[in-house]
Amino acid sequence: MKKILVAMFFGILLGAQAQDTVKKSTDWEWCGWGGGGYFWSNAMHPTNPNIMYLGGDVVGIYKSTDHGKSWQFINNGLHEYGIYSMAISKSNPQVLYVMTPNGMARTDNGGEKWTPLPETLKAKRNLSAHRPGSVRAIAIDPTNPNTVYAGSAIGIASKSVDGGKTWINMDYLSAIKKDDSVPQVKPASGSGFLWASFKSPANDWKHAGRLEKYFNTVQDWSGQKALSASFFTPVGAPPLKVALVVQSGSDWKWEQSPFKDSKPGEWIDLSFDLSTLHDIKAVRMVHIAVISNGAEFNGEVGVDNVRLQPIDSTAKAVVLGEWDAAGSNEGWRTSKSGDAPFITSMRGSLAPATAEKNPIASIIVSDSNPNLIFICHSKLGTFRSQDAGKSWMLLDTPKSSMNLAVYPKNSKIIYGAFNAAGVWKSVDGGNSWKKFSNGLPEKSTMREILVNPKNPDIVHLIANGNWAGTYYRSTDGGKSWTGVRKFTRDLVGNPTNPDDAKGGTGELSSSTNIGLSPADPDTIFISANWNNILSTDGGITWQESSRGADITCFHDVRFVNDKVFAVAMDEGLLTSSDNGGTWSQLSPLRYASGESGHQWRVAAFQKENGEYHIVSTVSPWRGAAVYPNHVLVSDDSGKTFKHAVGLPDYLPKKNTMWGEGYARALSADPNNPLTMYLGIDGDAENGKSGGGVFKTTDGGYTWKQLENQPGTRRMFYGIAVDPTDSNRIFWGGFGANGGVWRSEDAGASWARMNGPDAYLFNVEVTNDGTVYAGGNELWKSTDHGTSWKKISNIEGRKGSVVGIAFDPENANRIWFSSVTWGGSSAGGIYRSDDGGKTWTDICGDISYRKPLILRYNPKTQELWAVGVGAFRTKQ
């Protein structure tokens, strides 16, 4: 789309002629480390045990050609970076299919080039993956790579016979016999009500599942005396505790009615007295909160007749929730508190059961009989077709069906993984089943199962429980099982948390897929959270296999002499002395509650004694308590760290980017590195000071919140000190009252500049004082922020401008990255050698096209692009 050149207005150039960007064949070199994230899928070559494939949740696909010793990215052509299921053709191993949260893709050359399959995208058939429900959601006919089956996140099962170009849906649900004898529940009032799926484990007395209604505009309830609702639990359910909740006022104060016990098989009435409500003229949100009171529950509850009772008895009640049979949600949505129970979905009282819309976990095609197909549905059980999907039978298995293993030489022998119901086995093709779970813990969930293609008595299984994954092996046909969690760490390939590797070993985290080489059944690979593992002796011993499988979510990288410092979400602070060839962990060295978590920004300089002074910002993971942001400071090159003081002792919530304030912005004064400015997003509220700009003059040990703050404290990376004047500070705000704010007195006062746009992610200042601001576009100011010119006039560019880099020795040489949010691979990296007049697309062969951070290292003359994964290129 062409832009129109318009005149200057209030010192801002609002538009400029769009340019056709030159594309340059740029070679990028990977320079990160492996592991440390969530890997969700894998596939093994049917005839070559050296070739394996791996899929991650945020950065695409990897391939190993050396028996799992190392991995390389193979993302060329991929449309989405989340890979939750994959399958390889046995008749043509060059053909693979993968499933993402937005449809599928196919390769015909072993991953050199991927082609999205348009009919599978969300906008079409929506053959998309579910996290964590998709286990093996793709299956390929063993004799024909163009015949492929796919099961979606919403329970759609489809078949293609032309390599994924066109699809037909398979009506497997016709196998379910509708039971007309089940009594219908009558609504509390009207023609229908709302069913809500609620799941809670036993012995949880604290957490609540919630239905909630958010008001787009503040509500005045001053004429109302009570909020009321009706609640139903089915016959046979344990009594649940239910309460109504109202949030009101500018502080969103939470107030609730007393919890009331439900009565199984009956409607109960709930009421909330509004006479003492915190701010009845400013109601923000209402909730219906449900607690299982320690009893296990996994089913549906009913809600009806949510309304306001007026003070004037002659006035009509205000309806907030009164459903028809179809189940229009009337603005209500599902929510949860804590990590245990969920209200996961809603439907009308006469609408189809929600179970049918739950994920298909796996589809399996028999190697010996391609007409024999199985569907594992996560809520409805196991379905079988003996005519390649034309007709179906519901088998007598547990309902939570995750995965099956059909013995290749005899399709009558089948093993099944059925979540918490354990492992079951059939020896008659699925007609009858028997539980084979001796030695398996009752509280674990069975995810995937494999059978040795040469010996039906050797079976492999992965199971999970509370973030702990376990590999199980049976050598007697499932009669007994032996579990293994320990594996040998590879601290060169994956240097994270080295002190957790006691004796050089680690323990398996949550596992996702288990693959076995048909050519060498002793080669077994498990993809998992944080560390992938490989066995070459049939599962007896395991070694880490993560080298090169970079899934790190970087948020900063800095160069000091020959050192590189990098920080990342989840993994912490690491350093490299060989320009990214190898890395070592500085913090944390092991998992520590209140320490481990997201590290956002890093600053470093070398002191006269040769040691490095390092400052990093941290937002710990949430554990038993809610940990605030903090700053770590080392004066001895990272051997020891101290906690800084002076930051908020709580997490700001109001006016933040991601629901709570994070210490995402950090800028050191180029003229005095002991002076730094830190940004935490979040406004002041409830008498607390909130986030904003903080300053240190002692190298990060003590911080003080500036007395005066920019007009918005909502920001991403946007803070910078002008190298030409240390008193000039720039703040990039996001949203209402956003844009560039400037201080000319080291943060004592702030003024909003006339431009650029109000939705900024980043601000950078070059050595000559030129200011760049990235938001919807890239903006440039050559008069210290007084006036601005839009310079990202690139035809077809997609996404927000986030990463900005410049050459300190050449003011006209700049780079920026374009970032789309979510799983899409759309993005870009651009270079200008004339101050932004013309641009070159330098994405080249980079495996991740939307890096959040760009940094130029003048010593090596390399541009680093880090976001998910780290890459560098000579410039």
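Structure report, in brief.

About the thresholds
Residues numbered from 1 in each chain as written. Predicted model: local features only at pLDDT ≥ 70, side-chain atom pairs only at ≥ 80, totals over all residues. Heavy atoms only, no water. Helix = DSSP H or I, 4+ residues; strand = E, 2+ residues; numbered from the N terminus. Rg over C-alpha atoms; globule rule 2.2 N^0.38 Å. Buried < 20%, exposed > 50% of the residue type's maximum accessible area, 1.4 Å probe, protein only. Contact = heavy atoms within 4.5 Å. Areas by Shrake-Rupley, 256 points an atom, 1.4 Å probe, with all protein chains shown as cover. Lys, Arg positive; Asp, Glu negative; His and termini not counted. Charge placed at Lys NZ, Arg CZ, Asp CG, Glu CD. Polar contact = N/O pair within 3.5 Å; in protein donor to acceptor, adjacent residues only side chain to side chain. Pairing = 2+ DSSP bridges. Salt bridge = Lys/Arg side-chain N within 4 Å of Asp/Glu carboxyl O. Core = buried A, V, L, I, M, F, W, Y, C linked by side-chain atoms within 4.5 Å. 1 Å grid on protein atoms, 1.4 Å probe; cavity = no way out; pocket = protein on both sides within 12 Å on 5 of 7 lines; lining within 4 Å. Points joined across faces, edges and corners; volume = space filled by probe spheres on them. Nonpolar A, V, L, I, M, F, W, Y, C, P; charged D, E, K, R; others polar. Axes fitted to C-alpha atoms, helices over the stretch in contact; angles between N-to-C directions.

## Description of the overall build of the protein
Across its full length, the protein holds zero helices and 73 strands. Its C-alpha atoms give the protein a radius of gyration of 29 Å, near enough to 29 Å, the size a compact globule of 875 residues would have. If you line up the protein on its principal axes, its C-alpha atoms span 80 × 80 × 55 Å. The buried share among the 875 residues of the protein stands at 59%. Contacts spanning at least 24 positions in sequence make up 56% of the contacts within the protein whose residues lie at least 6 apart. By element, 50% of the accessible surface of the protein is carried by carbon and sulfur atoms, the whole surface being about 34000 Å². Separation of charge centres in the protein, based on 88 positive and 85 negative side chains, amounts to 3 Å.

## Brief notes about unusual backbone geometry
Here the amide bond leading from arginine 131 into proline 132 is cis, since omega sits at 10°, within 30 degrees of zero. By secondary structure assignment, the location of proline 132 is in the loop between β12 (114-117) and β13 (138-140). In this structure, the amide linkage connecting serine 587 to the following residue, proline 588, adopts the cis form with an omega of -10°. By the element assignment, proline 588 lies in the loop between β50 (584-587) and β51 (597-606). Phi is positive for alanine 388, which is not a glycine, with a value near 60°. Its location among the elements puts alanine 388 in the loop between β31 (381-385) and β32 (393-394). On the basis of relative accessibility, which here comes to 12%, the residue alanine 388 falls in the buried class. Not every positive phi belongs to a glycine, and asparagine 686 is a case in point at roughly 55°. With respect to the element layout, asparagine 686 can be found in the loop between β56 (672-680) and β57 (692-696).

## Examining the side chain of serine 362
For serine 362, the location among the structural elements is in strand β29 (residues 360-365). The buried category is assigned to serine 362, whose relative accessible area is 0%. Looking at serine 362, its side chain comes within polar contact range of the main-chain oxygen of methionine 402, at 2.6 Å. Reaching out from serine 362, the side chain makes a polar contact with the side chain of asparagine 403 at a distance of 3.2 Å.

## A look at the sheet that holds strand β61 (residues 739-743)
Strand order in the open sheet formed by four strands is β59-β60-β61-β62, and the pairing between neighbours is antiparallel. Since the sheet does not close on itself, it has two edges, and those belong to β59 (719-721) and β62 (751-752), each with one partner. Taken together, the two bridges between β61 and β62 define a ladder with antiparallel strand orientation. Among the inter-strand pairings, tryptophan 741 is bridged to a residue of β62, identified as arginine 752.

## Some words on the pattern of salt bridges
If you walk through the whole model with that rule in mind, you get 31 salt bridges. One salt bridge in this structure joins arginine 797 and glutamate 777, with 2.9 Å as the shortest N-O distance. Here the residue arginine 797 occupies a position in the loop between β66 (788-790) and β67 (800-807), and glutamate 777 occupies one in the loop between β64 (771-774) and β65 (778-781), the gap between them amounting to 20 residues. Note on arginine 797: relative accessible area 15%, which makes it buried. Where salt bridges share partners, they join Asp556, Arg558, Arg601, Glu764 and Arg855 into one cluster.

## Digging into the nonpolar core
In this structure, Trp221, Leu227, Phe231, Val246, Leu274, Ile288 and Val306 are the most contacted members of the largest nonpolar core, which totals 31 residues. For this core, the secondary structure elements donating two or more residues are β17 (194-200), β18 (209-219), β19 (224-232), β20 (241-248), β23 (267-273), β24 (283-291) and β25 (297-310). Among the elements that line this core, the one with the most residues is β25, at five residues.

## Describing empty space enclosed by the protein
Per the counting criterion, the structure on display carries one cavity of 30 Å³ or more. In this model, the largest cavity occupies a volume close to 30 Å³. Every residue lining the largest cavity is listed: Arg601, Asn762, Glu764, Val802, Gly803, Ile804, Leu852, Ile853, Leu854 and Arg855. Broken down by class, the residue content of the lining of the largest cavity amounts to five nonpolar, two polar and three charged.

## Examining the environment of tryptophan 481
With respect to the helices and strands, the residue tryptophan 481 is situated in the loop between β39 (468-474) and β40 (482-484). You can call tryptophan 481 buried: its relative accessible area is 8%. Separated by 57 residues in sequence, tryptophan 481 and glycine 538 have C-alpha atoms that sit 14 Å apart. Setting aside its immediate chain neighbours within four residues, tryptophan 481 contacts Val423, Phe436, Ser437, Asn438, Gly439, Leu440, Ile449, Val459, Leu461, Tyr472, Arg473 and Ser474. Within the local environment of tryptophan 481, its side chain forms a polar contact with the backbone oxygen of phenylalanine 436, the two atoms lying 3.0 Å apart.

## So, the layout of surface pockets
In this model, the second largest pocket occupies a volume close to 970 Å³. For the second largest pocket, the lining is made up of 36 residues, of which Arg558, Ala668, Pro670, Phe806 and Arg855 are closest to its centre. Secondary-structure elements contributing two or more residues to the lining of the second largest pocket are β47 (554-560), β51, β55 (665-669), β56, β59, β63 (762-765), β67 and β71 (853-857). The class makeup of the residues in the lining of the second largest pocket is 26 nonpolar, four polar and six charged.

## Remarks on the sheet that holds strand β48 (residues 563-568)
The sheet built from four strands is open, its strands ordered β47-β48-β49-β50 with antiparallel pairing. Looking at the sheet topology across the chains shown, the edges are occupied by β47 and β50. Put simply, the sheet's adjacent strands are angled 25° from each other on average, direction ignored. Both strand β49 (residues 572-576) and β50 contribute to a ladder of three bridges, which runs antiparallel.

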